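Overview (structure and organization)
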Amino acid sequence: MPQTSGPTLSDLNINILCGRHVVLDSNWYANDICSPYSRIYMVTAGEGVLRYGEETLVMTPGNIYVIPSGLRFSFSTEKTLSKTFFHISVITPGGYDIFERLNRCLVFPGVKSIKEITNELKICSAKSIFIIKAFLYELVCRCTDEMDDIRITKNSEPVMQALKYIAENPAASLTAENIADVLFVSPAKLRKAFSAEIGIPLGQYITDRVLIKAEESLRTSNLTIKEISEALGFCDRYYFSRCFAKKFGLPPAEYRKKIRT
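Basis of the calculations
- Residues numbered from 1 in each chain as written.
- Predicted model: local features only at pLDDT ≥ 70, side-chain atom pairs only at ≥ 80, totals over all residues.
- Heavy atoms only, no water.
- Helix = DSSP H or I, 4+ residues; strand = E, 2+ residues; numbered from the N terminus.
- Rg over C-alpha atoms; globule rule 2.2 N^0.38 Å.
- Contact = heavy atoms within 4.5 Å.
- Core = buried A, V, L, I, M, F, W, Y, C linked by side-chain atoms within 4.5 Å.
- Buried < 20%, exposed > 50% of the residue type's maximum accessible area, 1.4 Å probe, protein only.
- Pairing = 2+ DSSP bridges.
- Axes fitted to C-alpha atoms, helices over the stretch in contact; angles between N-to-C directions.
- Phe/Tyr/Trp six-rings, centres within 6.5 Å; stacked < 30°, edge-to-face > 60°.

**Digging into the overall build of the protein chain**
- Each helix and strand counted, the protein chain has 9 helices and 11 strands in total.
- Compactness check: the protein chain gives a C-alpha radius of gyration of 20 Å against a globular reference of 18 Å for 261 residues, within 12% of the reference.
- Structurally, the protein chain occupies a C-alpha span of about 60 × 45 × 40 Å along its principal axes.
- Considering only contacts in the protein chain between residues 6 or more positions apart, those separated by 24 or more positions represent 75%.

**Concerning the nonpolar core**
- Among the nonpolar cores identified, the biggest contains 54 residues, and Tyr41 and Leu50 are the most heavily contacted of them.
- Tallying contributions element by element places helix H6 (residues 202–220) first for this core, with 8 residues.
- Ignoring sequence-local partners within four residues, the contact set of Leu50 consists of Tyr41, Glu55, Thr56, Leu57, Met59, Tyr65, Ile67, Phe73, Ser74, Phe75 and Cys105.
- Formed by 23 residues, the second largest nonpolar core is a distinct cluster that contains Ile40, Met42, Ile132 and Val140.

**Focus: the pairing of strand E9 (residues 81–89)**
- Across the 9 residues of E9, 9 count as buried, placing the element largely inside the fold.
- Alternating positions in E9 separate into two faces, Leu81, Lys83, Phe85, His87 and Ser89 on one and Ser82, Thr84, Phe86 and Ile88 on the other, with burial throughout.
- In terms of strand pairing, strand E4 (residues 38–46) meets E9 through 8 bridges, oriented antiparallel. In the sheet register, Tyr41 faces E9, and the bridge partner there is Phe85.

**Re the environment of Leu121**
- Tracing the backbone through its elements, the reader meets Leu121 in helix H1 (residues 111–123).
- Residues Leu121 and Thr84 lie 37 residues apart in sequence; the distance between their C-alpha atoms is 8.6 Å.
- In contact with Leu121, not counting residues within four places along its chain, are Gly19, Arg20, His21, Thr84, Phe86 and Ile132.

**Some thoughts on the sheet that holds strand E6 (residues 55–59)**
- Strand order across the open sheet formed by 4 strands is E3-E8-E5-E6, with antiparallel pairing between neighbours. Two strands lie at the open edges of the sheet, namely strand E3 (29–33) and E6, each paired on one side alone. Adjacent strand axes in the sheet meet at a mean angle of 15°, parallel and antiparallel pairs treated alike.
- As paired elements, E3 and strand E8 (residues 73–76) share 3 bridges and run antiparallel to each other. From the neighbouring strand, Tyr29 faces E8, where its bridge partner is Ser76.

**Overview of the packing of aromatic side chains**
- Tallying each qualifying case throughout the model produces 11 aromatic pairs.
- When the ring of Trp28 is compared with that of Phe75, the centres are 4.3 Å apart and the planes differ by 25°; the resulting orientation is stacked. You can see Trp28 sitting in the loop between strand E2 (15–24) and E3 and its partner Phe75 sitting in strand E8, a full 47 residues away along the chain. No difference in accessibility class separates Trp28 from Phe75, as the two residues are buried.
- Note on Phe234 and Phe240: the rings are 5.0 Å apart at their centroids and 50° apart in plane angle, and the pair reads as tilted.

**Side note on the sheet that holds strand E10 (residues 106–109)**
- With antiparallel pairing, the 5 strands of this open sheet are ordered in space as E2-E9-E4-E7-E10. Single-partner strands in this sheet number two, and they are E2 and E10. Within the sheet, the average angular offset between the axes of one strand and its neighbour, ignoring direction, is 20°.
- Relative to E10, strand E7 (residues 63–67) is paired through 4 bridges, and the arrangement is antiparallel. Its bridge partner lying in E10, Val66 is registered against Leu106.
- Contacts from H1 reach E2, E4, E7, E9 and E10, with the element oriented near 100° to E4.

Following this line, the structure appears as structure tokens:
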């Protein structure tokens, strides 16, 4: 069995995927979506609404809203909303974001911080970047107070190799048998060890990784939906779109339009 210990300094880092200041109108809305990264909304003016589960949050100036990765939520504004926002991820060695253990949005007061970070984002000097990163690390630290104790599991060699192989070869057609053949291990033993150490079945993990890779391609490249579908080994783009919408709440084309806010 793997040994459990606390995280080391090299285990957890904040990946800043996006950061900017925007002014939004009533075209800013989406229903029942989720992302493989967390969103930080720092409201400077106007008003917006966040909904998840049975909860409704009215976003108002001076507050910081943290929407954890994996949470299904809706957002909208009836008039205008100005905000500085960041998309971030904190990935564990197992490939999942630590914020996925949160099942709700967090709200922090931060009038002074919002003004400072918004100004630093406009300056965007080397010093500004460090100030912004320091702020994000402090905010993440505050968020961890709302989570259970974060533990990093030291996985067995076959499981670590399987994680590495999946990360380097994401494909919808990938199976436990494929990976086991490459690693010269029994598929049954690999499935059992993977489920015990990572906490989910190997097949589900592969599907998650492939769709998260698809989301990354939509967000960071100009590849067409068909090209992304083919690159990840889906039988056709329509099946890919159905799988993507099931996980993230929107079909790929519509999701691509919404991800920049």
